[in-house]
Amino acid sequence: MGKLHLGVFASGRGSNFVAIFQAIREGRLNAEIRCLFSNNPEAGALSIAKEQGIPTGIICKSMYESRELFVDAMLHSLKEHGVEFIVLAGYMKKIPPEVISAYRNRVVNIHPALLPSFGGKGMYGHHVHEAVLEYGCKVTGVTVHLVDNEYDHGSVVAQQYVLVEEGDTAETLADRVLRVEHQIYAETLQLFAEDRVEVRGRRTIIRR
Ligand code: GRF
């Protein structure tokens, strides 16, 4: 695939976006962030992108008269910015199926648990870590997966475990998981840049 031309979608503070940006700057990831998209004008990720001179775009359904116009605008904007690969980094909306089809196997997400556990609708942010603790899990982790039309459902590309420690709160656990997210996301994107991710149905194979 070579250098990845990324469109990053973020709705919140954007620490994964920053980690990706740093990995590019430090030469660990062969990519370029062509645009940071958000549905939320207050997203921290937007101000960070602006500070770094990365183009930004606000796109959300309520700005358009119809769903079709919204989807057209998203596709147009992605094309206009030369986006070839989509990275969801704390994006709280669903990517429309038309966009998923246009970017087949080139849309990824990161989830702060070991899917298929603790994923799906409503499983985001502190809810995930609270559910892990509530269940009494000894292990949790991070999943990077391809995005399909269901929440947290596409093929798994990478996973890393994180041990739950006695006395963990949702906050302490979230912090440890987040540190792993920051590392694994850039590493996994680099596998795509090196064209080493092969998708075989539900499974992905990482070529040596
Ligand atoms: C991360 O925990 C990620 O796994 C999830 O949303 C959170 C985003 O955090 N999808 P940030 O905005 O990247 O700091």
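These numbers come from a predicted model, not from an experiment. (Residues numbered from 1 in each chain as written. Predicted model: local features only at pLDDT ≥ 70, side-chain atom pairs only at ≥ 80, totals over all residues. Heavy atoms only, no water.)

Caption draft 1: A look at the site of the ligand. Lining the immediate surroundings of the ligand are R13, G14, S15, N16, G90, I110, H111, P112 and E181. At a separation of 2.8 Å, an oxygen atom of the ligand approaches a polar backbone atom of G14. In this structure, S15 approaches the ligand through a side-chain N or O atom, which is 2.5 Å from an oxygen atom. Relative to its free-state accessible area of 370 Å², the ligand is covered by the protein chains to the extent of 87%. Going through the elements one at a time, α1 (15-25) and β5 (107-111) are the ones with two or more residues in the shell around the ligand. Considering only residue class, the shell around the ligand consists of two nonpolar, five polar and two charged. (Near = heavy atom within 4 Å. Polar contact = N/O pair within 3.5 Å; in protein donor to acceptor, adjacent residues only side chain to side chain. Areas by Shrake-Rupley, 256 points an atom, 1.4 Å probe, with all protein chains shown as cover. Helix = DSSP H or I, 4+ residues; strand = E, 2+ residues; numbered from the N terminus. Nonpolar A, V, L, I, M, F, W, Y, C, P; charged D, E, K, R; others polar.)

Caption draft 2: Geometry of the sheet that holds β5. The strand order across the open sheet built from seven strands is β3-β2-β1-β4-β5-β6-β7, with neighbouring strands paired in mixed fashion. One side of each edge strand has no neighbouring strand; the edge strands of this open sheet are β3 (56-58) and β7 (156-163). The average undirected angle you get between the axes of adjacent strands in this sheet is 20°. As paired elements, strand β4 (residues 85-88) and β5 share three bridges and run parallel to each other. For I86, the partnering residue across the bridge sits in β5 and is V107. (Pairing = 2+ DSSP bridges. Axes fitted to C-alpha atoms, helices over the stretch in contact; angles between N-to-C directions.)

Caption draft 3: Examining the packing of aromatic side chains more closely. Counting across every chain of the model gives five aromatic pairs. Here F9 and F37 contribute two aromatic rings whose centre-to-centre distance is 4.9 Å and whose plane-to-plane angle is 25°, an arrangement assigned as stacked. One end of the pair, F9, is in strand β1 (residues 4-9); the other, F37, is in strand β2 (residues 31-38), with 28 residues separating them in the sequence. With a relative accessible area of 2%, F37 lands in the buried category. Pairing F118 with Y135 gives two aromatic rings, centres 6.2 Å apart and planes at 75°, and the pair type is edge-to-face. One end of the pair, F118, is in the loop between β5 and α5 (126-135); the other, Y135, is in helix α5, with 17 residues separating them in the sequence. Connected via pairs of aromatic rings, a cluster forms that spans F9, F37 and Y91. Here the guanidinium or amino end of K94 rests over the ring plane of Y151, the centre of that ring lying 4.9 Å away. (Phe/Tyr/Trp six-rings, centres within 6.5 Å; stacked < 30°, edge-to-face > 60°. Buried < 20%, exposed > 50% of the residue type's maximum accessible area, 1.4 Å probe, protein only. Lys NZ or Arg CZ within 6 Å of the ring centre and 35° of its normal.)

Caption draft 4: Looking closely at the packing of α5 against helix α6 (residues 170-193). For the pair α5 and α6, interaxial distance at closest approach is 9 Å and the crossing angle is 110°. Accordingly, the angle class assigned to the pair α5 and α6 is roughly perpendicular. The chirality of how α5 crosses α6 is right-handed. Contacts between α5 and α6 pair H126, H129, E130, V132 and L133 from the former with A170, L173, A174 and V177 from the latter. Within the contact of α5 with α6, the residues separate by chemical class into six nonpolar, two polar and one charged. (Parallel < 35°, antiparallel > 145°, perpendicular 65-115°, else oblique. Left-handed = near helix turned anticlockwise from the far one by under 90°. Contact = heavy atoms within 4.5 Å.)

Caption draft 5: Layout of the pattern of salt bridges. In the structure shown here, the tally under the stated rule is 10 salt bridges. In this structure, E165 and R176 form a salt bridge, with 3.8 Å as the shortest nitrogen-oxygen distance. Residue E165 is found in the loop between β7 and α6, and its partner R176 is found in helix α6; the two are separated by 11 residues along the sequence. Classification of E165 by relative accessible area gives partly exposed; the value is 45%. Given a relative accessible area of 17%, R176 falls into the buried group. (Salt bridge = Lys/Arg side-chain N within 4 Å of Asp/Glu carboxyl O.)

Taken by themselves, the reported measurements are silent on function.
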